[in-house]
Amino acid sequence: MSNRVLEVKHATMRFGGLVAVNDLNMHIDKQEIVALIGPNGAGKTTAFNMITGVYKPTSGQVLLDDRIITGMRPDRIAHAGIARTFQNIRLFKALTVLDNVMIAQHLRLGMTWVSSVLRTPKYRKTEAEMYNRAKELLEYMGLWEVRGEIASSLPYGMQRKLEIARALATKPSLLLLDEPAAGMNPAESAELTALIRGIRDQFHLTVLLIEHHMDVVMDISDRIYVLNYGGLIAEGMPAEIQSNDEVIRAYLGGDDDEA
Amino acid sequence: MAKMKKRSVILSILLLAVLVLVLFLIDGHASKYIIRITRLCAINIILALSMNLVQGFTGIFSLGHAGFMAIGAYSVALLTIPVAKKETIFMLEPLIAPLNTLTLPFGVALIIGGLLAAAVAFFIGLPCLRLRGDYLAIATLGFSEIIRILITNAQSLTNGAQGLKSIPKTADVWWCYGIALLTIVFIALLISSSHGRALKAIREDEIAAESMGISLLRHKMLSFMISAFLAAVGGGLYASYIGTIGPDVFQISRTYDILMIVVMGGMGSITGSVMAAFIVTIGQEWLRVLDGPLPFLSFWPENGVAGMRMVVFSLLLLVVILFFRNGLFGHKELTWSSIGNRLSRLAGHKPAKEVNGHE
Amino acid sequence: MFDLTRLLQTLTDALSLGSLYALIAIGYTMVYGVLRLINFAHGEIFMIAMYIVFYGVSMFAMPWYVTFLVTILVTALLGTAAERLAYRPLRSAPRISSLVSAIGVSYFLQNLATVIFGGRPLTFPQIELFTDVLVIGDVYIQRLSLIVPVVTAVLLLMLLFLIKRTRTGMAMRAVSRDYDAASLMGIDLNKTIAITFFIGSALAGVGAIMWGMKYTRISPTIGSMPGIKCFIAAVLGGIGNTAGAVLGGLLIGFIEIVTVALVPELSGYRDAFAFIVLIVVLLVKPTGLLGEKTTEKV
């Protein structure tokens, strides 16, 4: 069995005349933490959307565990083992914290709505398991105390954590985090760094993250990919990236043309 | 926790017993008029819950209810009208076989109507459920009209514009409330199940729900088909309730009437829909006063103004949506513990902190 | 079987019906453009316009041109008032709320019309200048059938000029492109939206006058079916696109008239055609014929 979790081959995404991502090649191995960085509008979130099936790549391939997942629907890709968070938090706002995490386990329910409604013994057993797992995850994230609160009423930092908990609840093999440290102060992002590492070890996960906080990126990543104007301009260990001229130029000289 | 749950069960059984007693009294002693309205309340509960399932819990703004009601109503009519009567009803063109020689028990006819509507909903849903919010509204509304147009034109099946009469009035208080109760329990169980949570997730955020592994089309279809089934059952009861149906009964305004109940009760609240069904049904009857003479208003025409009731009714719909957008309960449910908290707050006690624990 | 005479007859019928649909469709597309709202009440505003003409000409014996002007003005104000009272308060609410509100307005106007004007159908006043029949060879054409397309074309050109060349039009385009940005750029949202409703409703008024003269029967429910069909026309042409709405309206008109002319057995299903068109469009090209593609940002 190969050690490769995700492989992106020559993936290109065009919107009309705009090339958001151009010929992207990247791979992530088991239990790695890989960061995808680049100036605003470089195509990072578009890359995420291609991997998770929100967009179908114009050309190229995405493989998960050596299986082609290009063009599959997002829910099928979630089944296959990729979970994600969103840049601008997309929780189930009006539902409770607990429900948010329970919902993410629905994909593993494996029975029809009839069993659900009739509350068959098998359903009750699965529901209890889902509840226990939700409890485990929420406790791990320090959210168990607020399980009855409505998601949108949580403070910002907790919402970010809940989104991670929800993603973990789908039992992914690969976790995609879109700017998890956005809007956090240095103390909070240091805590987050420890948390992500903890998650990786605890749940044997592979992590791909988009992040702008360079201290987080340099601290946490095993490897880094750098995108600019939709194209890959560098790849390597944090130290290599820090001293890469092209990367420095992209960050200092790049215009902020957020798409 | 367990104690509170036990108390809720006891209170619910008590409420049910009181309800049965009240229905028994109404059925035995009240005037025909009161009995009619009582039955209509139950039918509207079923229709409102069926609409609330798609609109309130799944976030699909479907406006096809009148069409599904029509399917249920015509199924019940065609399957329960006695054979001898059918011959006299179908004057222009005879009814096609085997319906012309067939009668079935009311309950069976209701289920057949429901299944038929669910099947139709499947084929309507395939194209429509992929659409975004308001496009879906127009498309489902369109299908509802197409169903009506088909009914108007299928002379040898539906008797066209002449409609059907002599539908046996089987739907008494017990039928109506029995099915309404089943519907309430069913919806409550569905909504609180894992599938119900998935539906609510779709309502909250489709993109996030799909990314969490929830198949949008499959779950929307589930909600849409169940809703169509229940709407048809409600339509079937309604056919038996009024005794005579025609294509005109199932115009878009039927859908709007149900929408009023759902909006007033709160999109996404079962108890809200149930209470609003009573309020709107009874309220509409009270508003009948407006159609007649109003002696205390000197400027009011002597013979009253026919249709004034509907003007006020539609104005109320506007007032509710403009000023009480969440209706009676919004997404919330009226539960025994919430009533308890409200009461103790009224009595000046500090409410026991509610923990939305696990059932 | 299908000779030249009938062909011409069918085509003029289709052209005039299509033009009427087009006029009403413009109102839907303009409102949807700025508010992303299906203005369910548009069909009812169209219906009320017909009653105003009826009362003006048949009951109060006003000259037709005065009545027409009054009708267009009142209709436009009515549409603007609906926006002010029933849509504006819900602008920041979930879209489903404004949709319900629009349904409420439509239902209210329909019921109100039933009370005020009575539920029984009335006959629209015939104004000879328009309803005279011209005989060209074997073809009988109501003068109106020729006037309708011309009026539609002139109004469309005026509207396009307004949208493309004036400040008001620029504001409208800005609002429909990006609501929030437009307001940040100092565009008066309320005024722009009010103008949009005013123009859209005025066009519905013009459409109603010509519709009434052509089809002569008026009732409180007369507006709902053309209303829905014209929304479909707007979707077909590409919602938010004025020229598209006209194209969509013409197409729906042609599809209805020509299909029934070719297969008379289908005449009972005429009202269903538009819906079938809608489903096909939404499945094949949801952005409509002239619409622009939009992607939701994730």
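Cut-offs applied
Residues numbered from 1 in each chain as written. Chains lettered and ligands numbered in written order. Predicted model: local features only at pLDDT ≥ 70, side-chain atom pairs only at ≥ 80, totals over all residues. Helix = DSSP H or I, 4+ residues; strand = E, 2+ residues; numbered from the N terminus. Rg over C-alpha atoms; globule rule 2.2 N^0.38 Å. Contact = placed C-beta atoms within 7 Å. Nonpolar A, V, L, I, M, F, W, Y, C, P; charged D, E, K, R; others polar. Expected span 1.5 Å × (residues − 1). Buried ≥ 20, exposed ≤ 12 C-beta atoms within 10 Å, placed from the backbone. Axes fitted to C-alpha atoms, helices over the stretch in contact; angles between N-to-C directions. Left-handed = near helix turned anticlockwise from the far one by under 90°. Core = buried A, V, L, I, M, F, W, Y, C linked by C-beta atoms within 7 Å. Domains from an automatic or database assignment. Pairing = 2+ DSSP bridges.

Undergrad: How should the overall build of chain C be read in this particular structure?
TA: Secondary structure assignment for chain C yields 12 helices and 4 strands. Expected size for 298 residues packed as a compact globule is a radius of gyration near 19 Å; at 19 Å, chain C falls within 12% of this value. On the principal axes, the C-alpha backbone points of chain C span a range of 60 × 45 × 35 Å. Taking contacts inside chain C between residues at least 6 apart in sequence as the whole, the part at least 24 apart equals 76%.

Undergrad: Explain the interface of chain C and chain B to me, please; I cannot follow it from the model alone.
TA: Many authors give the size of an interface as the accessible area that is lost as the parts come together. In this assembly, 34 residues from chain C lie in contact with 35 residues from chain B. Looking at the side of chain C that touches chain B, the elements with two or more residues in it are α4 (95–117), α10 (224–237) and α12 (270–284) of chain C. Counting residues per element, the side of chain C that touches chain B draws most heavily on α4 of chain C, at 15 residues. Class assignment for the residues of the side of chain C that touches chain B results in 24 nonpolar, 8 polar and 2 charged.

Undergrad: Is there a simple way to think about helix α15 (residues 308–323) of chain B in this case?
TA: Turn by turn, an α-helix covers 3.6 residues, leaving residues three or four places apart pointing in a common direction. The terminal C-alpha atoms of α15 of chain B lie 22 Å apart, and with 16 residues this matches the ideal 22 Å at 1.5 Å per residue to within 8%. Buried within α15 of chain B we find M308, R309, M310, V311, F313, S314, L317, V320 and I321 of chain B. Residues of α15 of chain B that are buried in the fold lie against α12 (252–265), α13 (270–286) and α14 (288–291) of chain B together with α4 of chain C.

Undergrad: Just checking my understanding: could you explain unusual backbone geometry for this structure?
TA: What is expected of a backbone is that most residues other than glycine have negative phi and most peptide bonds are trans. Backbone torsion omega between A97 of chain B and P98 of chain B reads 0 degrees, so that peptide bond is classified as cis. If you trace the backbone, P98 of chain B turns up in the loop between α4 (83–89) and α5 (106–128). Positive phi is not limited to glycine here, since H10 of chain A has a value of about 50 degrees. Mapped onto the elements of the fold, H10 of chain A is located in strand β1 (residues 4–15). On the basis of neighbour counts, which here come to 12 C-beta atoms within 10 Å, the residue H10 of chain A falls in the exposed class.

Undergrad: What am I meant to see in the packing of helix α3 (residues 65–80) of chain B against α5 of chain B here?
TA: All names here are of chain B. Where α3 meets α5, the axes come as close as 8 Å, and the angle between the chain directions of the two elements is 145 degrees. In this structure, α3 crosses over α5, and the sense of that crossing is right-handed. On α5, the residues that touch F68, I71, G72, S75, V76, L79 and T80 of α3 are F106, A109, L110, I112, G113, G114, L116, A117, V120 and A121. Looking at the contact of α3 with α5, its residues break down into 12 nonpolar, 5 polar and no charged.

Undergrad: Help me understand helix α6 (residues 133–153) of chain B in this model?
TA: The end-to-end C-alpha distance of α6 of chain B, which contains 21 residues, comes to 31 Å, matching closely the 30 Å that a straight helix rising 1.5 Å per residue would cover. Burial runs high along α6 of chain B: 16 of the 21 residues are buried.

Undergrad: Would you mind going over the nonpolar core with me for this structure?
TA: Grouped burial of nonpolar side chains is what soluble globular proteins tend to show. Ranked by internal contacts, the top residues of the largest apolar core, which has 275 residues, are I46 of chain B together with M50 and I232 of chain C. Element by element, the count of residues in this core is highest for helix α1 (residues 4–35) of chain C, at 15 residues. Taken domain by domain, the makeup of this core includes at least three residues from each of domain 1 (1–81 + 173–180 + 204–259) and domain 2 (88–171) of chain A. Leave out the neighbours within four places in its chain, and M50 of chain C touches F124, A208, W211, G212, I218 and I222 of chain C.

Undergrad: Please clarify how the sheet that holds strand β5 (residues 67–68) of chain A should be interpreted in this entry.
TA: Two pairing modes exist for strands in a sheet, parallel and antiparallel, and in both the strands are linked by backbone hydrogen bonds. All names here are of chain A. One open sheet holds the 4 strands; their spatial order is β2-β1-β4-β5, and the pairing between them is antiparallel. Looking along the sheet, the strands with just one partner apiece sit at the ends: β2 (18–29) and β5. Inspection of the sheet shows β1 paired to strand β4 (residues 59–64) by 5 bridges, in the antiparallel sense. Note that in β4 the partner of L6 across the bridge is L64. Sitting on the sheet, helix α1 (residues 44–51) touches β1, β2 and β4, and the angle it makes with β2 is about 65 degrees.

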